[in-house]
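Read off the chains here:
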Amino acid sequence: MDSSPTLAMGTFPLPSTLLEGQVLVQLEGATLCNSDLHTLAGRRQEPTPAVLGHEGCGKVVLSARGSVAVGQRVTFSVTDVCGGCDRCTEGPQQKCRNLLKYGHVRHSPDSVPLGCYSTHILLGQGTAVVPLPPQLDTVLATPVNCALATMVAARKCARQGLGRYSGERLDKKVLIFGGGLLGLYGCSLFKEDGFKVFLSDKSDVRREQAVQFGAERVTEEDIKKNEYDAVIEVCGVGSVVSLGLSLLKPGGVVVLVGCVTPDTKLDITGDQVIRKCATLMGVHNYEQEDLTEAVQFLTRTPYQEQFRSIISEPVPLSKFEDALQLARGMKFHRVLLDTTA
């Protein structure tokens, strides 16, 4: 994509039949993820023309998959996988050799889009489709299949890393770098696991907001006075990793999620990892089972109302540029598109 991408509206015909395993979803909502904001600002390249958007949910209107019924409200994985390659059978599934990522593919004219900034999306045979319970309305359900599922994967990694040693960890503490949506999901997820949660962010407002999602009320200086069983990076700043390692308990785990660009040098040495007996893990996207857990978690979490409060009022899809400007203002953690209007 060039440095000044253009936006255009288009139409497409809906199919009357599908290939085996495909599912046609009428979208009810989509949220503007930060990766799309980078693309629309020209800082990230995608094939064009493209229909962006990968956070979404909706109602099944046509199904060629026996396990998915017409009329179901569903969310879906951001990836479509082949199921037969070594990465699908051995893992990590999200690195399938024949991977398709919704919202990141070239759009073919006169075809149903493979992105969520649309009224409909066509899901492939290798896409996980997960039913949504009634209590997860559009506001809650829309970001589940990217931000929340990714943090479920991060928590799973932390659990695995801490499982290296058999002793029971008492008074568990986790330090999360980054107070965006992933960080807030992380607060509530680790709180559920019995951790005392600390969130570090250069913004006082974001640190205070994290308290509503289970984090301790602390200053940045307070954070440096503790040792942590787990350190989770979701801020995209490589320099925090060295600090996190210095605050890590021996045998602890560091999980990197946000440092996905080439300029995020970590500035650490081998002895920092080795002498701490530390586990260093990376998470990029998630396995499809993580999406099921994300839906279950959001259904049972006591923080539903807090999560609703950080999503904007719906903006009609027909007024996408208004939604884009609202997202750039960063008042909300996600701007919600009403894809029915």
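I will try to describe carefully the structure that is included in this document. A quick note: this is a predicted structure, and the numbers were derived from the prediction, not measured.

## A few points about the nonpolar core
The nonpolar side chains of a soluble globular protein tend to be buried, and buried together. Counting residues in hydrophobic clusters, the biggest one holds 53 residues, and the most contacted among them are Leu-148, Ile-232, Val-255 and Phe-307. Those elements giving two or more residues to this core turn out to be helix H3 (138–141), helix H4 (147–162), strand E8 (173–177), helix H5 (181–192), strand E9 (196–200), strand E10 (228–233), strand E11 (248–256) and helix H10 (288–300). The biggest single contributor to this core is H4, with 10 residues. The contact partners of Phe-307, leaving out residues within four places of it in the chain, are Leu-140, Leu-184, Tyr-185, Ser-188, Phe-213 and Leu-298. Counting residues in each nonpolar core, the second largest holds 26 residues, with Ala-30, Tyr-102, Cys-116 and Leu-324 among its members.

## As for H10
Among all positions of H10, only Gln-288, Asp-290, Leu-291, Ala-294, Val-295, Phe-297 and Leu-298 are buried. In a view along the axis of H10, the buried residues occupy a sector of 165 degrees, so they form one face of it.

## Digging into the pairing of E10
With six of six residues buried, E10 is to be regarded as a mostly interior element. As paired elements, E8 and E10 share four bridges and run parallel to each other. Residue pairing for E10: Phe-177 is matched across the bridge by Glu-233. Sheet analysis places E10 next to E11, joined by five bridges and oriented parallel. In the sheet register, Ile-232 faces E11, and the bridge partner there is Val-255. A crossover connection joins E10 to the parallel E11 through helix H8 (residues 239–246); in handedness this β-α-β unit is right-handed.

## Examining the pattern of salt bridges
Within this structure, the stated rule accounts for 23 salt bridges. Residue Arg-334 pairs with Glu-55 through a salt bridge whose shortest N-O separation is 2.9 Å. Here the residue Arg-334 occupies a position in the loop between helix H12 (320–328) and strand E14 (336–338), and Glu-55 occupies one in strand E2 (residues 55–63), the gap between them amounting to 279 residues. The residues Arg-334 and Glu-55 share a single accessibility class, namely buried. Each of the salt bridges in this network shares a partner with another, and the network as a whole consists of Arg-155, Arg-159, Glu-192, Asp-193, Glu-293 and Arg-300.

## Digging into the pairing of E8
Most of E8 sits out of view: five of its five residues are buried. The two faces of E8 match: Lys-173, Leu-175 and Phe-177 on one face and Val-174 and Ile-176 on the other face are all buried. Of the pairings in the sheet, the one linking E8 to E9 comprises five bridges and is parallel in character. When the sheet's bridge partners are listed, Ile-176 is paired in E9 with Leu-199. Traced from E8 through H5 to E9, the parallel crossover comes out right-handed.

## With respect to the packing of aromatic side chains
Aromatic ring pairs are reported here in terms of the distance separating the ring centres and the angle at which the planes meet. For the coordinates displayed, the defined rule picks out six aromatic pairs. Relative to Phe-195, the ring of Phe-190 lies with its centre 5.3 Å away and its plane at 85 degrees, an arrangement referred to as edge-to-face. For the pair Phe-190 and Phe-195, one class covers both residues: buried. Among the aromatic residues, ring-to-ring pairing joins Tyr-185, Phe-213 and Phe-307 into one connected group.

Here is what the cut-offs are and how they apply
All chains use their own residue numbering, which begins from 1 and follows the written sequence. Local features in a predicted model are, by the rule used here, given only for residues with pLDDT of at least 70; side-chain atom pairs are given and counted only at 80 or more, and totals for whole chains, interfaces and linings are based on all residues. Here the side-chain values reflect all heavy atoms present in the structure, with hydrogen atoms and water set aside. Grouping buried Ala, Val, Leu, Ile, Met, Phe, Trp, Tyr and Cys residues that are joined through side-chain atoms within 4.5 Å yields what is termed a nonpolar core. When a residue's accessible area, from a 1.4 Å probe over protein chains only, is under 20% of the maximum for its type it is buried; when over 50% it is exposed; and in between it is partly exposed. Going along the chain from the N terminus, every DSSP run of H or I of four or more residues is numbered as a helix, and every run of E of two or more is numbered as a strand. Note on definitions: a residue-residue contact is assigned when non-hydrogen atoms from the two residues lie within 4.5 Å. Directions from the helix axis toward the C-beta atoms define the arc. Being paired, for any two strands, means DSSP has found at least two bridges between them. Here, the term right-handed applies to a crossover whose path from the first strand over the helix to the second runs clockwise when the strands point away from the viewer. What counts as a salt bridge is simple: a side-chain nitrogen of Lys or Arg found within 4 Å of a carboxyl oxygen of Asp or Glu. Aromatic contacts are taken between Phe, Tyr and Trp rings whose centres are within 6.5 Å, Trp giving its six-membered ring; a plane angle under 30 degrees counts as stacked, one over 60 as edge-to-face, and the others as tilted.

In short, the description is geometric, and any link to function would need to be established separately.
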